[in-house]
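Overview (structure and organization)
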Amino acid sequence: GVAPATDLVLGATAGCLACFLTNPLEVVKTRLQLQGELQPPGTYARPYRGVLRAAGAVCRADGLAGLQKGLPAGLLYQALMNGFRFYCYSLAEDAGWTGYAGGTVAAGAVAGAVGAVVGSPAYLVKTHLQAQTVSAMAVGHQHNHENITSAFKTIYRQHGVAGLWRGVTGAIPRVTVGSAVQLATFSSAKDWVCERQWFRRGSWAAVLAGGMVSSVAVAVAMTPFDVISTRLYNQPVDADGTGKLYRGFLDCIVQISSKEGLLGLYKGIGAVYFRLGPHTVLSLFFWDKLRNM
């Protein structure tokens, strides 16, 4: 093991490296999740259809650089969220909590919740910037920020410090569930393939195998929370910061389910997996290898 403070730096570095490579899929995922917001299926235009065609639509509307929209905010979010997430998980490991039954899941959940709270303002800005596009291809509310700096300034000026944490009620369950499933399944899968001598313990192949199994589980468990989080972060708000579309986490679930159907909670699951798959593999791979160094 390594010191928790070192894990903070390594976790932040691993998250940023993975984010740089997977941010285009995050842009596509955001657009797909906002498309047809609170509208019954089949009653709205669909400028984004599937992962590949949606990526092409982003390029046509915003140019090739459009696939890296919100990258600075995404990197900041990954540095804060993953840094503190791995730091807290490392503390739990040092304390021996992960050695108890269910300890890995509990430690991953708590670590994820802490990371979600710390990184929430960056995720808010990232979502706003990634949703922005030309009017013909726009889905969801358009906040029209110039860049990451102006976004933070505008939100703070209009709604104060509390405004920077708007939507955190959706982020906490999202990252808590995702982190618990990711860290638990990654560790278990990596140990499982090594015990059966499919791959040598500590090898890159064992790390990648653990990450691939983990990414499937995370995508299935996390997508509904991811959709809710995106909607809460991107919705327009009143002058006092109250959401105009959703009153909170539970209201968001009810409205999406009633107006878009239960499958509305799984919008963009293909993009979620294709983003989470590489991101899970890369972030955990980088983290594992950096720790060993």
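Predicted model only: the values in this text are computed from it and were never measured. (Residues numbered from 1 in each chain as written. Predicted model: local features only at pLDDT ≥ 70, side-chain atom pairs only at ≥ 80, totals over all residues. Heavy atoms only, no water.)

Moving on, we get to the overall build of the chain. A count of helices and strands for the chain gives nine helices and zero strands. When the helices and strands of the chain are read in sequence order from the N terminus, they spell out α-α-α-α-α-α-α-α-α. On C-alpha atoms alone, the chain measures out to a radius of gyration of 19 Å, which is about the 19 Å that the 2.2 N^0.38 rule sets for 293 residues. Here the C-alpha coordinates of the chain stretch approximately 55 × 40 × 35 Å along the principal axes. Expressed as a percentage of the 293 residues in the chain, the buried residues total 53%. (Helix = DSSP H or I, 4+ residues; strand = E, 2+ residues; numbered from the N terminus. Rg over C-alpha atoms; globule rule 2.2 N^0.38 Å. Buried < 20%, exposed > 50% of the residue type's maximum accessible area, 1.4 Å probe, protein only.)

With that settled, the discussion passes to helix α2 (residues 51-62). Taking 1.5 Å of rise per residue, 12 residues should cover 16 Å, and α2 covers 16 Å from first to last C-alpha, within 8% of that figure. At the exit of α2 stands G63, carrying a positive phi of roughly 80°. (Expected span 1.5 Å × (residues − 1).)

Going through the model one piece at a time under the given rule, you end up with 11 salt bridges. R231 is the salt-bridge partner of E260, the closest N and O atoms lying 2.8 Å from each other. Residue E260 is found in helix α8 (residues 249-260), and its partner R231 is found in helix α7 (residues 204-234); the two are separated by 29 residues along the sequence. Here R231 falls in the buried class, since its relative accessible area comes to 0%. D251 is paired through a salt bridge with R247; the nearest N and O atoms lie 3.4 Å apart. In this structure R247 comes out as exposed when scored by relative accessible area, which is 75%. Among the charged side chains, a salt-bridge network with shared partners connects E26, K29, K126, R174, D226 and R275. (Salt bridge = Lys/Arg side-chain N within 4 Å of Asp/Glu carboxyl O.)

Turning next to the side chain of R31. Turning to its location among the elements, R31 is positioned in helix α1 (residues 4-34). You can call R31 buried: its relative accessible area is 0%. Residues within four places of R31 in sequence aside, it is in contact with Y48, V58, D62, K69, Q130, A131, Q132, T133 and V139. (Contact = heavy atoms within 4.5 Å.)

Under the UniProt annotation, "repeat: Solcar" (unreviewed entry) lies at residues 2-95, 99-192 and 202-293. Here residues 2-95 runs as 71% helix and 0% strand, with 13 Å between its end C-alpha atoms. What you have in residues 99-192 is 76% helix and 0% strand, and the ends, taken at the C-alpha atoms, are 16 Å apart. (UniProt positions renumbered as here; feature names shortened; annotations may be inferred.)

Attention now goes to the packing of α1 against α7. α7 packs onto α1 with a crossing angle of 80° between their chain directions and a minimal axis gap of 10 Å. Put simply, α1 runs roughly perpendicular to α7. The segment α1 lies against α7, with K29, T30, Q33 and L34 engaging D226, V227, T230, R231 and N234. (Axes fitted to C-alpha atoms, helices over the stretch in contact; angles between N-to-C directions. Parallel < 35°, antiparallel > 145°, perpendicular 65-115°, else oblique.)

With that out of the way, let us pick up a positive patch on the surface. Together, R46, R49, R53 and R60 line one region of the surface with positive charge. The topology assignment puts R46 in the loop between α1 and α2. (Patch = residues over 30% accessible without salt bridge, like charges linked within 9 Å, V, L, I, M, F, W, Y side chains within 5 Å. Areas by Shrake-Rupley, 256 points an atom, 1.4 Å probe, with all protein chains shown as cover. Lys, Arg positive; Asp, Glu negative; His and termini not counted. Charge placed at Lys NZ, Arg CZ, Asp CG, Glu CD.)

This part covers the packing of α1 against α2. Where α1 meets α2, the closest approach of the two axes is 10 Å, and the angle between their N-to-C directions is 95°. Here α1 is positioned roughly perpendicular relative to α2, judged by the angle of their axes. On α2, the residues touching L25, V27, V28, R31 and L32 of α1 are V51, A54, A55, V58 and D62. Classifying every residue of the contact of α1 with α2 gives eight nonpolar, no polar and two charged. (Nonpolar A, V, L, I, M, F, W, Y, C, P; charged D, E, K, R; others polar.)

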